[in-house]
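Structure assessment
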Amino acid sequence: MPARRPKKSDQTAPLFADPAEAAGEPVPPPVGFPESWLPVLGSEFAKPYFAKLAAFVAVERATQKVLPAEDEVFSAFRHVPPDGVRVVVLGQDPYPTPGHPHGLAFSVRPDVRPLPGSLRNIYKELFADLGVPPAPHGCLTPWADQGVLLLNAVLTVRAGAPASHANKGWEKFTDAALSAIGAPGKPAVFVLWGNYAQKKAALIDETRHAIVRSAHPSPLSAKAGFFGSKPFSQVNAALARFGEKPIAWELPNTVKA
């Protein structure tokens, strides 16, 4: 007996279902995508680009090691509902090292040692800016739980191959998220590190929102404008202008991913 095809009425389906099916039909909301974001981004799953993206990632998962784990792809959205976004920190794509990424931009699992170079530089600048000592781990979930959306522009990557899932459709999905956050509603602070992230400024209305710009914290560029940029105090100053409480940037010594 042939396998049952998912009904179009199904409310959810695996993130990347059968490639042939994904290529031929719109992809329903994936398991793990939070219900709170469905009114904002749910329509994206019915668009042809997402079906093609689903087919691509399904084949990648079947033939390659893909990061992060399938149930962590939308972790950034699960930590922060759309009406709770106070700050957006935009990354490019997940760390390509197995065991490192867990769905939050720049963050790694609590047991990862040594920390990635970009994250070490973020901690250095945080200490220089606000005197906050570096945490003994690289898990940034306490920031996310305060309304910091740690969002990568591309949500998956092939292990060992940075940017391998770029230009496959994720950018359209995350651009839709950025545009939704920038839509009328309460203001937010967008942290755009590096040229790649700064191109997304076109999606943000700077008359209502704040943008914090600098070089990327990567070891290749941190000395070209990231160090000394004081992004954390800039974020809190902008939140104060919006009548919002500041982000408590100091991380506890132990956290859960």
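Residues numbered from 1 in each chain as written. Predicted model: local features only at pLDDT ≥ 70, side-chain atom pairs only at ≥ 80, totals over all residues. Heavy atoms only, no water.

**So, the overall build of the chain**
Condition: Helix and strand assignments come from DSSP, with helices taken as H or I runs of at least 4 residues and strands as E runs of at least 2, each series counted from the N terminus. The buried label applies to any residue whose accessible area, calculated with a 1.4 Å probe on protein chains only, is under 20% of its type's maximum; exposed applies above 50%, and partly exposed to all values in between. Whether two residues are in contact is decided by their heavy atoms, any of which lying within 4.5 Å being enough.
Each helix and strand counted, the chain has nine helices and six strands in total. Expressed as a percentage of its 257 residues, the buried residues of the chain come to 51%. The long-range share in the chain, meaning contacts at least 24 apart out of those at least 6 apart in sequence, stands at 67%.

**Here we look at the pairing of strand S6 (residues 210-214)**
To be explicit about the condition: Should DSSP find at least two bridges between two strands, the strands are taken to pair.
Taking burial as the measure, the five residues of S6 include four buried ones, the bulk of the element. In this structure, strand S5 (residues 189-193) lies alongside S6, joined through five bridges in parallel fashion. Bridge pairing in S6 places Val191 opposite Val212.

**Describing the pattern of salt bridges**
Using the following cut-off: Salt bridges are identified by distance alone: a Lys or Arg side-chain nitrogen within 4 Å of an Asp or Glu carboxyl oxygen.
A full pass over the atoms with the stated rule returns seven salt bridges. Across the pair Arg213 and Glu206 runs a salt bridge, and its minimum N-O distance is 2.8 Å.

**Considerations on the layout of surface pockets**
Quick note on the threshold: With a 1 Å grid laid over protein atoms only, a set of points is called a cavity when a 1.4 Å probe fits there but cannot get out and a pocket when it is open yet has protein on both sides within 12 Å along at least five of seven lines; lining residues have an atom within 4 Å of a point. Grid points are joined across faces, edges and corners, and a volume is the space filled by probe spheres set on the points. Polarity classes work like this: nonpolar for Ala, Val, Leu, Ile, Met, Phe, Trp, Tyr, Cys and Pro, charged for Asp, Glu, Lys and Arg, and polar for all others, with Gly in that last group.
Size it by volume and the largest pocket reaches roughly 360 Å³. Of the residues in the lining of the largest pocket, the class split is 14 nonpolar, ten polar and one charged.

**Overview of the pairing of strand S2 (residues 87-91)**
Of all five residues making up S2, five are buried, and the element is well covered by its neighbours. Note that S2 and strand S3 (residues 148-152) share five bridges and pair parallel. Its bridge partner being in S3, Val87 is matched across the sheet by Val148. In this sheet, S5 lies alongside S2 in parallel orientation, the contact comprising four bridges. Looking at the pairing, Val87 lines up with Val189 of S5.

**Here we look at the packing of helix H3 (residues 48-63) against helix H7 (residues 170-182)**
Where we set the bar: In this analysis an axis means a line fitted to C-alpha atoms, helices contributing only their contacting stretch, and an angle means the value between N-to-C directions, from 0 to 180 degrees. An angle counts as roughly parallel when it lies under 35 degrees, as roughly antiparallel when it exceeds 145, as roughly perpendicular when it falls between 65 and 115, and as oblique in every other case.
Direction vectors running N to C along H3 and H7 enclose 130°, while the axes themselves pass 9 Å from each other. By the angle between their directions, the pair H3 and H7 is classed as oblique. In contact with Tyr49, Phe50, Leu53 and Val57 of H3, H7 contributes Trp170, Lys172 and Phe173. In terms of residue class, the contact of H3 with H7 is made up of six nonpolar, no polar and one charged.

**Let's talk about the packing of aromatic side chains**
Any two aromatic rings considered together are summarised by their centre-to-centre distance and by the angle between their planes. What counts here: Side-chain rings of Phe, Tyr and Trp (the six-membered ring for Trp) are treated as a pair once their centres are within 6.5 Å; stacked means planes under 30 degrees apart, edge-to-face means over 60, and tilted covers the remaining angles. Two limits define a charge over a ring: the Lys NZ or Arg CZ must be within 6 Å of the ring centre, and within 35 degrees of the ring normal.
Tallying each qualifying case throughout the model produces 21 aromatic pairs. Residues Phe33 and Phe74 carry aromatic rings whose centres are separated by 5.0 Å and whose planes lie at 90° to one another, so their mutual orientation is edge-to-face. Of this pair, Phe33 sits in the loop between helix H1 (19-24) and helix H2 (38-41) while Phe74 is found in the loop between strand S1 (66-67) and helix H4 (75-79), placing the two residues 41 residues apart along the sequence. In terms of burial, Phe33 and Phe74 fall into one category: buried. Between Trp193 and Phe226, the aromatic rings sit 5.3 Å apart at their centres with planes inclined by 90°, giving edge-to-face as the arrangement. A residue pair is termed long-range when its members are at least 10 positions apart, and Trp193 in strand S5 and Phe226 in the loop between S6 and helix H9 (231-241) qualify at 33 residues. Assigned by exposure class, Trp193 and Phe226 land together as buried. Among the aromatic residues, ring-to-ring pairing joins Phe33, Trp37, Phe45, Tyr49, Phe50, Phe74, Phe77, Trp170 and Phe173 into one connected group. Geometry around Phe56 places Lys168 over its ring, the cationic atom sitting 4.9 Å from the centre.

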